[in-house]
Amino acid sequence: MDKNKRKELLEEFKEIKVYMGVAQIKNKVNGKIFIDSYSNLKNKWFTLQMQLDMGRFANAQLQKDWKEFGADAFTYEVLEQKEAGKVTDMRWELKRILKPWFEKLQPFEDSGYNKPPRN
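What comes next is a walk through the structure. (Residues numbered from 1 in each chain as written. Predicted model: local features only at pLDDT ≥ 70, side-chain atom pairs only at ≥ 80, totals over all residues. Heavy atoms only, no water.)

### So, the nonpolar core
In terms of nonpolar packing, the biggest core is built from 14 residues, with Ile-25, Phe-34, Phe-57, Leu-62 and Phe-74 touching the most fellow members. Counting only elements with at least two residues in this core, the list comes to strand 1 (19–27), strand 2 (33–38), helix 2 (44–53) and helix 3 (60–69). By residue number, the principal contributor to this core is helix 2, which donates three residues. Sequence-distant contacts of Leu-62, that is, excluding residues within four places in its chain, are made with Ile-25, Phe-34, Leu-52, Phe-57, Phe-74 and Tyr-113. Leu-79, Ala-84, Phe-102 and Phe-108 belong to the second-largest nonpolar core, a separate cluster that totals 11 residues. (Core = buried A, V, L, I, M, F, W, Y, C linked by side-chain atoms within 4.5 Å. Buried < 20%, exposed > 50% of the residue type's maximum accessible area, 1.4 Å probe, protein only. Helix = DSSP H or I, 4+ residues; strand = E, 2+ residues; numbered from the N terminus. Contact = heavy atoms within 4.5 Å.)

### A closer look at the sheet that holds strand 2
The antiparallel open sheet is built from three strands, whose spatial order is 2-1-3. The strands lining the two open edges of the sheet, one partner per strand, are strand 2 and strand 3 (74–83). On average, each strand axis in the sheet is tilted by 15 degrees relative to the strand beside it, whichever way the strands run. Helix 3 contacts strand 1, strand 2 and strand 3 of the sheet and is inclined by roughly 135 degrees relative to strand 3. (Pairing = 2+ DSSP bridges. Axes fitted to C-alpha atoms, helices over the stretch in contact; angles between N-to-C directions.)

### Describing the side chain of Asn-59
Relative to the elements of secondary structure, Asn-59 occurs in the loop between helix 2 and helix 3. On the accessibility criterion, Asn-59 (14% relative accessible area) is buried. Among the polar contacts made by the side chain of Asn-59, one reaches the main-chain amide nitrogen of Gln-61 at a distance of 3.3 Å. Every residue in contact with Asn-59, bar those within four places of it in the chain, is listed here: Phe-34, Tyr-113 and Asn-114. (Polar contact = N/O pair within 3.5 Å; in protein donor to acceptor, adjacent residues only side chain to side chain.)

Without other data, these values stay purely geometric and don't point to any function.
The structure is reproduced here in structure tokens:
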């Protein structure tokens, strides 16, 4: 590949927008939800499904229900997204955008798979 083509491709790559945000997995059988924030939402549902299908998802209760009810019993929805390109502190920003969703949806105990935040 010549230098001009490489430079052109690199510039195109830099122009690709990356979106961070909050997403929800909902169990259609029992109504329980799991919400979390992610630094890159592109293909996130595919990644989460792979983890669940392989039995490697971090949330044990959601993993159990996925195995019991199957993939068709769950939906995925992006609740909020934001361009990530100009974010300087990704961890802080992800926590900041997740907090209001925890307060609004209360995805804890009988209503969801998340653990209540520590005070």
